[in-house]
Amino acid sequence: MTGGAILEVRDLHVSLPGGRRSAPVPVVRGVSLTLRAGEVLGIVGESGAGKTMTALSLLGLTPPGAVVRGSVRLLGTELVGLPVRELAQQRGRRIAMVFQDPLTAFTPVRRVGDQIGEALRIHQRPRPTRESALRRAVGLLESVGVPEPDRAARAYPHELSGGLRQRAMIAMAVANRPDVIVADEPTSALDVTVQAQVLDALAVARKATGAALLLVSHDLGVIAGAADRVAVMYAGRIVESAPVDDLFSRPRMPYTLGLIGSVPRLDDVGTLTPVPGTPPAPGTAPPGCSFAPRCPIADAHCEEAEPPLARVSGTTAVAVPGAGDRHLAACFHTGTTARHTAQELFPPAVPGERSGGPVAGSKPGAGAAKAAIAGAKATAPGLRPGADHVLRITGLTKSYPLPRRSGLRLRRRPAEALHAVERADLHVRRGETVALVGESGAGKSTTLSEVIAFAAPEAGRIEILGHDTAHLRRADVRGLRGRVQLVLQDPMAALDPRMTVGAIIAEPLLAQRTDKARAAARTPELLRQVGLDPSAAGRYPHEFSGGQRQRIAFARALAVEPELLLLDEPVSALDVSVQAGILELLRRLKRELGPACLFVTHDLAVVRQIADRLVVMYGGRTIESGGVTEVFTRPRHPYTKALLSAVPLPDPRAERARERIILPGDPPRAGGGTAGCLFRARCPVYQTAAPEARALCERETPIPAGRSADDPHVAACHFPYPDGKAPLRHRPASKGQL
Amino acid sequence: MVGRLSQRLIHSAILLVVSTLLSYLVSSAALDPRAYFADRQPPPPAASVDRELASLRLDEREPVLDRFAHWSWHALHGDLGRTIDGASVNDEFGRRVGVSVRLLLIGTLVGTGLGVLAGVWAAVRRGRLPDRMLTVFSFLVLSVPTFVLALLLKDGALQLNQAVGHTVIRYTGESTPGRSGGLLSHLQDRAGHLVLPAATVALGSIASYSRYQRGATLDVLGSDHLRTAQAKGLTPGRALLRHGLRTSLIPMTTFFSFGFLTLFTGSVFAEQIFGWPGMGSWFMDAAQKGDVNSVVAVNLFASVTVLLAGLVADVLLVVLDPRVRRG
């Protein structure tokens, strides 16, 4: 499968201009790698590690002002320092690139087919005519699995969905049968079921052209499933590189070990190992090993000299530059790493992050917090009698009017509407964590914003702590707002940059008319609770890292001891090693303070780690709900099953064995008054069902139902999987409604 | 597209009616035709002034809405009334409109064309000498009022002609009266007369368009799709030409419809200063005389051209950007 070296990168350095009067910032520092024919080399690392800049510099596409040193040899041609004209001849023909965001990567004003055809017309000689290039573009689109390739070729980029656009981007990259494809986070902007399609298309295109692939990703699952060899980048360097199985099963560099240990897994609920601290900002790497400040086994030597990337053999490292198949690591202590598990090296009990200032030295004031909660509970108005639900949503519907089509109209037509949420059901019991999952457009965020609106919904009923939102008075709303708190995805945007952390945390208390002195007295305790040093109170949000800011957001939410915590993708914006820390924090807070949580996320692996129950949404409808373990091991709705099967596992062996259901098409924007089951267009069960069974799916909207009347695990499907294996084919599981 | 256009045309028609009404009301209130007649030497008897004003329907003692109703009724039938000297406004309009349209068209084409080119050039050479020079030029031009600019140009041409010894650049009128010779000679003569007024009208546009286009191009230069075009194998220059230029022109269409108004104002000064018998100089004369009907006629012309410019901008936007095509 693999042959000789096609792309050889030696000692690549990239510096970006640092602004007026400051030195250039090194972002790639001495990267060497070899890509052989037909091989997939994965580059993995967290944000700021230099992955993207490495990828861009291979094609000479670094931003203006960047200084590139070192050597990039593509089939014997040195690309660094090549004149623009000659470099252009290599790009697209011998080395092609797939970018992260396929919406912005295509020129918005030209047809997709023309843009793919242009790639052919640039390089093919004799130059194909516009028509023949367009015909071949249609063929290329078909080869990467684009349905109706004719129509897609005639479409403008904005008319295609994200998945189709990314497949068109792949078709464009392989148009000239390049030797090397560089893919920079090709699926990071896509939904998980669409990601599965695109990875599939990438593999198909690669096999058809025999191109070698350099796959850059932050997602260890994607890398584990697609790569033959993996290079781990940290602070602009490759710190470990090995065949994929070796890397995942026997990592030798502590960072790799911690990184793998910090990834939540869909197939396992384990202890996540947050790597304390944050990577150094580019240009601020310490003189020695850049990981040393975060490393549990670093010694004085590590802080003085930067370890070279050397071959790992037993307990000693032997320098063999350019070794291909071997396991390389840039660490003085590969032997020590080999003898430990991630949990041993990165014990998750350490609260907080070590570097960057606020250090949590003492144990969090759990006892004090509990006492405070107990006191508060005694005085606060409790639930209405008989209500053990902190949140109960039934039949919730929310639609948005679509902009009316322009043009002359003599008669008024009724405005069309987009049904973002349609008859959704959801409930959260006291102390429980419920995950609301779904792909983009499923209605998760709309559901959440309907809850925090504290107003009567368009249709259906929302009960918060036993109060129907349709009959709330202003005073009730104020009281309820103190008992329901929100944590958002982007902690930078959610914290006022002009307020000190102390003021931010005290604000919800002041809003509930707690006096200033008491609010100020609570602040140090709250900061300790979320693993930050009380001295953080006097500082501003920008002085903290992303993970620390999210901790501040948690402290703010917890200040009023809420009974219900609404979490909107709270870890999605964070790097995985930081995410692990926040998830551990959330687990601990749940244990110590016990608020009920509604956790909105698209990440199923995170759900597995944190939630008790989950509710799956599709096209604005809730289609399955039940206990996490139950739903994950025995999904009943075909969509849930496909969704679970689409999540890549950060373990090459498990990843190879994973059953994949690749759904066709894209998640619907929203259902909106459609008769029948919304999922049937993509449903594998529907596709193979008998005509009379299909008629039922087309005619009747399935209502959620369990196997028995009191079964908490319900699915809205006419033909649910009875035990997660084979679907029922003949008997409708529920009486549908029209 | 047709629906959108027809909707747009109806909006334009409504705007035209409103603008005409307003310009009639404002000119009737601000101008004093009685003074024009009364100030003649020897002073005419009051009764004859009244008679003349009444025959032109300019008597301020008649309610202004009645006068407007009378004027607009005739205007709807294609008659814009009489000038204060008793001539037909229609005839005067016909003589002058071509002159202004020529100047406006050339000013617009040269102004937008050179402005866009200069902007792209400055963006590509960002921070280097050409960019800085263009920046200085733009701010100079934009900070000098149009009539000062026209006078400076005129003075420059005068000095040039004196230095050379014969007339290279002409600065009075649209053509040399009574010039003989073939078509070529006439064209040459007209071009010689055109340089300064066209420059006066276009310079402001070049200055402002180049600033906007520079910004729009810089946005595009950093965009993902231009990087993709280069990754396909286009050289940076070709990538910008084929994939960047059109996207960078999209925001310019909005600016075009606003910029036209400034350009129109500039042409009024240019006509007056360089002695072109166009709508602009008519407007100046008529305003001095208190000739309400002529002023309203010029305003009508201005409204139509500005609305047309807006329409052109809308059509351009739809042509350039497929994302706004809908319904």
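All values derive from a computational prediction rather than experimental measurement. (Residues numbered from 1 in each chain as written. Chains lettered and ligands numbered in written order. Predicted model: local features only at pLDDT ≥ 70, side-chain atom pairs only at ≥ 80, totals over all residues.)

J.: Which parts of the structure should I look at to understand the overall build of chain B?
T.: Helix and strand counts for chain B come out as 12 helices and 0 strands. In sequence order, chain B lays out its α and β elements as α-α-α-α-α-α-α-α-α-α-α-α. Overall, the C-alpha framework of chain B stretches about 85 × 60 × 40 Å when taken along its three principal axes. Counting over 327 residues, chain B shows a buried share of 37%. (Helix = DSSP H or I, 4+ residues; strand = E, 2+ residues; numbered from the N terminus. Buried ≥ 20, exposed ≤ 12 C-beta atoms within 10 Å, placed from the backbone.)

J.: It is not clear to me how the interface of chain B and chain A should be interpreted in this structure. Could you clarify?
T.: Often, the extent of an interface is quoted as the loss of accessible area on bringing the components together. At the interface, 26 residues of chain B touch 30 residues of chain A. When residues of the side of chain B that touches chain A are traced back to their parent elements, those giving at least two are α1 (2-30), α9 (224-232) and α10 (236-273) of chain B. Top contributing element to the side of chain B that touches chain A by residue count: α9 of chain B, with 8 residues. Here the side of chain B that touches chain A is composed, by residue class, of 6 nonpolar, 12 polar and 8 charged. (Contact = placed C-beta atoms within 7 Å. Nonpolar A, V, L, I, M, F, W, Y, C, P; charged D, E, K, R; others polar.)

J.: What exactly am I supposed to notice about helix α22 (residues 576-593) of chain A here?
T.: Residue and element names in this part refer to chain A. Spanning 18 residues, α22 covers 25 Å between terminal C-alpha atoms, matching the ideal 26 Å at 1.5 Å per step. Along α22, the positions that sit buried rather than exposed are V576, S577, V578, Q579, A580, G581, I582, L583, E584, L585, L586 and L589. Tucked inside the fold, the buried residues of α22 contact α11 (254-261), α21 (546-558) and α23 (604-610). A positive phi of about 65° marks G594, the residue just after α22. (Expected span 1.5 Å × (residues − 1).)

J.: In this structure, what is going on with the confidence of the model for chain A? I would like to understand it.
T.: Low pLDDT marks regions whose predicted coordinates should not be analysed in detail. Residues and elements named next belong to chain A. Averaged over every residue, the pLDDT of chain A is 85; the share at 70 or more is 88%. This stretch, residues 315-323, has a pLDDT under 50; its non-local contacts, to residues over four places away or in other chains, come to 17 contacts. pLDDT under 50 marks residues 350-386. Its contacts with residues more than four places away, or in other chains, come to 59 contacts. (pLDDT = per-residue confidence, 0-100.)

J.: Would you explain the sheet that holds strand β23 (residues 621-627) of chain A in this entry?
T.: Paired through backbone hydrogen bonds, the strands of a sheet run either parallel or antiparallel to each other. Residue and element names in this part refer to chain A. Read from one edge of the open sheet, 7 strands run β19-β20-β21-β16-β22-β23-β24, paired in mixed fashion. The two strands at the open ends of the sheet, each matched to only one other strand, are β19 (484-487) and β24 (714-715). Pairing of strand β16 (residues 433-437) with strand β21 (residues 596-601), which is carried by 5 bridges, proceeds in the parallel orientation. Note on β21: the bridge partner recorded for A435 is F599. Its contacts with the sheet place α21 against β19 and β20 (564-568), and it is angled at close to 175° to β19. (Pairing = 2+ DSSP bridges. Axes fitted to C-alpha atoms, helices over the stretch in contact; angles between N-to-C directions.)

J.: Looking at this model, I keep getting lost on the environment of L643 of chain A. Mind explaining?
T.: Residue and element names in this part refer to chain A. On the secondary structure map, L643 appears in helix α25 (residues 638-646). Spatially, the C-alpha atom of L643 lies 8.8 Å from that of G438, the residues being 205 residues apart in sequence. In contact with L643, not counting residues within four places along its chain, are V192, T193 and L604.

J.: How should the domain arrangement of chain A be read in this particular structure?
T.: Residue and element names in this part refer to chain A. When its domains are assigned, chain A resolves into domain 1 (5-227) and domain 2 (232-345). Put simply, the middle of domain 1 and the middle of domain 2, counted by C-alpha atoms, are 28 Å apart. In this complex, domain 1 contributes 22 residues to the contact, which on the side of domain 2 involves 16 residues. When residues of the side of domain 1 that touches domain 2 are traced back to their parent elements, those giving at least two are β2 (25-36), β3 (40-44) and α9 (220-226). Looking at the side of domain 1 that touches domain 2 residue by residue, the classes come out as 12 nonpolar, 7 polar and 3 charged. (Domains from an automatic or database assignment.)

J.: Would you take a moment to explain the pairing of strand β4 (residues 67-74) of chain A for this structure?
T.: A regular strand carries its side chains on alternate faces of the sheet. Residue and element names in this part refer to chain A. As judged from the 7 bridges shared by strand β1 (residues 5-16) and β4, these two strands associate in the antiparallel manner. Residue pairing in the sheet places S15 in a bridge with V67 of β4. Of the pairings in the sheet, the one linking β4 to strand β5 (residues 77-78) comprises 2 bridges and is antiparallel in character. Among the inter-strand pairings, R73 is bridged to a residue of β5, identified as E78.

J.: Is there a simple way to explain the pairing of strand β10 (residues 237-243) of chain A in this structure?
T.: Residues and elements named next belong to chain A. Of all 7 residues in β10, 6 are buried, a share of seventy percent or more. Sheet topology note: the strand β9 (residues 229-234)/β10 ladder contains 6 bridges and is antiparallel. Looking at β10, one finds that V232 is bridged to E240. Where β9 folds back on β10, the antiparallel hairpin that results is connected by 2 residues, among which A235 adopts a positive phi of roughly 50°. Across 2 bridges, β10 lies against strand β13 (residues 328-329) in antiparallel orientation. Counted as the bridge partner of E240 is A329 from β13.

J.: Please explain the nonpolar core as it appears in this structure.
T.: Nonpolar side chains in soluble globular proteins tend to end up buried together. With 282 residues, the main nonpolar core has A168, V180 and L598 of chain A as its most contacted residues. In terms of residue count, α10 of chain B provides more of this core than any other element does, 12 residues in total. Lining this core are residues from two domains, each supplying at least three of them: domain 1 (5-227) and domain 2 (232-345) of chain A. Excluding residues that lie within four positions of it along the chain, V180 of chain A makes contacts with I6, L7, L35, L74, R94, I95, A211, A212 and L214 of chain A. (Core = buried A, V, L, I, M, F, W, Y, C linked by C-beta atoms within 7 Å.)

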